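Here are the chains, one letter per residue:
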Amino acid sequence: MFYRLNNRFLLKPLYSFQTLKTSTAIENSTKNKVTLISRAYSNQTRLEEMIVDYNQVKRAVSNQNSLIVDVREPEEIKKHGKIPNSINIPLGNVSNVLNSMSDIEFEQIYGRKKPKDNTEIIFYCMIGKRSGMAQQNTISLGYKNVKNYVGSWTDWASRNQ
């Protein structure tokens, strides 16, 4: 997605899971030159540390120090089910809830303590796409231990029939 600003095109920041960098490309329309500006948040984070599989999620279900978040809409959960001990925060609400909601209000609504910046948070949805977006949004809020269950509900349900 491009944003036009004073005869320049500004590319929306992107997150690379291998290096966890945000990049902004700016095209100067008079010189047809593209400049890439990049900020590294962590050179230590590897892809395998940012995604989880079925077995990791199964262990997290009984781990009170992990927070499993379903980012699907409530109607989807009613229709298909959910991973045990997960909470539901629809994708459109994730940033607001994690950034603005007070600790007390979070605990009253979700029955869990609001995660700290180093709490393991595992996002899932139906197939892993929305949970990846939630992961990116949460990383941009400063959370450091955010993971995506790429198989998501489809994988979980197929293994628990």
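Residues numbered from 1 in each chain as written. Predicted model: local features only at pLDDT ≥ 70, side-chain atom pairs only at ≥ 80, totals over all residues. Heavy atoms only, no water.

Caption draft 1: Structural view of the sheet that holds strand S8 (residues 87-88). Reading across the sheet, the 5 strands line up as S6-S10-S9-S7-S8 and stay open at both edges, with parallel pairing between neighbours. This sheet does not close on itself; its edge strands, each paired only once, are strand S6 (51-52) and S8. When strand S7 (residues 66-70) meets strand S9 (residues 120-124), the two strands line up parallel, connected through 5 bridges. Of the residues in S9, the one forming a bridge with Asp-70 is Tyr-124. Across the sheet, helix H1 (residues 54-61) lies against S6, S7, S9 and strand S10 (146-149), angled at about 115° from S7, the strand it touches most. (Pairing = 2+ DSSP bridges. Helix = DSSP H or I, 4+ residues; strand = E, 2+ residues; numbered from the N terminus. Contact = heavy atoms within 4.5 Å. Axes fitted to C-alpha atoms, helices over the stretch in contact; angles between N-to-C directions.)

Caption draft 2: Region of interest: the side chain of Ser-86. Looking at the element boundaries, Ser-86 is found in the loop between helix H2 (74-80) and S8. On the basis of relative accessible area, Ser-86 is assigned to the buried category, the value being 6%. Engagement of the side chain of Ser-86 in a polar contact is seen with the side chain of Tyr-124, the distance being 3.1 Å. Setting aside residues up to four positions removed in sequence, Ser-86 forms contacts with Ile-68, Asp-70 and Tyr-124. (Buried < 20%, exposed > 50% of the residue type's maximum accessible area, 1.4 Å probe, protein only. Polar contact = N/O pair within 3.5 Å; in protein donor to acceptor, adjacent residues only side chain to side chain.)

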